[in-house]
Amino acid sequence: METIDLETFLRGTLQQFRSETGTIHRLDEQTQLLHLAAQIGLPPQMLDLVKTIPVGKGIAGQVVAQNKPVTICNLQTDTSGVAKPGAKQTGVGGALCVPIRSGDKITGTLGIGTVRQYEYTPEEARALEEAGRRIAELLRQGA
């Protein structure tokens, strides 16, 4: 099987979901921190904000804490408090973030976003979770 890197996989996932931004974070179980492993489309000023995310904070941190996908229809107008205040700098409207699982164990998160207001469907969330399982395979192979 051909080896594929995380950024290439993420780019293909974004095309599949017609989305412009994406992140892959790895979970460090010891520290309960998510570490950025790959990203596409984030503005440079956002990179420091998403480089390391504590479990329970921000969209990706909530995914791990709740053990389920988190979706926001329009990040620019969201008032739920899930997204960090700096998240609006991404310019993202619709956002979906799912757990990356190896078996039943969460090993990270996969997030996508689009500049338009968009509500991702439960089917899209399931499809993105399946992409997350493929990412778990890549991470095990050392991608």
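Keep in mind it's a predicted model, so treat the numbers as computed, not measured.

Caption draft 1: Focus on the overall build of the chain. Within the chain, the regular secondary structure consists of four helices and six strands. Put simply, the chain runs from its N terminus to its C terminus through helices and strands in the order α-β-β-α-β-α-β-β-β-α. Residues classed as buried in the chain amount to 46% of the 143 residues present. Of all intrachain contacts in the chain linking residues separated by at least 6 positions in sequence, the fraction that spans at least 24 positions is 54%. Carbon and sulfur atoms make up 51% of the accessible area of the chain, which totals about 7300 Å².

Caption draft 2: Region of the structure containing the confidence of the model for the chain. Per-residue pLDDT for the chain averages 84, and the proportion of residues at 70 or more is 81%. Looking at the elements of the chain, mean pLDDT is at its lowest for strand β4 (residues 70-72), recorded as 79, and at its highest for strand β3 (residues 52-54), recorded as 96.

Caption draft 3: Local environment of the nonpolar core. Ranked by internal contacts, the top residues of the largest apolar core, which has 22 residues, are L6, I24, L96, L110, I112, L128 and I135. Of all the elements in the fold, those that place two or more residues in this core are α1 (6-16), β2 (33-40), β5 (94-102), β6 (105-114) and α4 (122-140). At seven residues, α4 tops the list of elements feeding residues into this core. Setting aside residues no more than four positions away along its own chain, I24 makes contact with L6, L10, H35, L36, A37, A38, I100, T109, L110 and I135.

Caption draft 4: Expanded view of the pairing of strand β1 (residues 21-28). Extensive coverage of β1 is indicated by the burial of six of its eight residues. Where β1 lies against β6, six bridges are found, and the strand directions are antiparallel. Across the sheet, residue R26 finds its bridge partner in β6, namely G108. Sheet topology places β1 next to β2; seven bridges connect them, and they run antiparallel. What sits directly across from D28, in β2, is L33. In this structure, the hairpin formed by β1 and β2 is closed by a connection of four residues, where Q32 is found at a positive phi of approximately 60°.

Caption draft 5: Summary view of the environment of C97. Relative to the helices and strands, C97 resides in strand β5. Since its relative accessible area comes to 3%, C97 is described here as buried. Along the chain, C97 and G113 lie 16 residues apart, while their C-alpha atoms are 8.5 Å from each other. Ignoring sequence-local partners within four residues, the contact set of C97 consists of I59, A60, V63, P69, V70, T109, L110 and G111.

Caption draft 6: Fine view of the pairing of β6. By the criterion of burial, β6 is predominantly enclosed, with eight of the 10 residues buried. In this structure, β5 lies alongside β6, joined through nine bridges in antiparallel fashion. The partner of R101 across the bridge, within β6, is I106. From the end of β5 to the start of β6, which pair antiparallel, there are two residues, and G103 there has a positive phi angle of about 70°.

Reading the values: the criteria
- Residues numbered from 1 in each chain as written.
- Predicted model: local features only at pLDDT ≥ 70, side-chain atom pairs only at ≥ 80, totals over all residues.
- Heavy atoms only, no water.
- Helix = DSSP H or I, 4+ residues; strand = E, 2+ residues; numbered from the N terminus.
- Buried < 20%, exposed > 50% of the residue type's maximum accessible area, 1.4 Å probe, protein only.
- Contact = heavy atoms within 4.5 Å.
- Areas by Shrake-Rupley, 256 points an atom, 1.4 Å probe, with all protein chains shown as cover.
- pLDDT = per-residue confidence, 0-100.
- Core = buried A, V, L, I, M, F, W, Y, C linked by side-chain atoms within 4.5 Å.
- Pairing = 2+ DSSP bridges.

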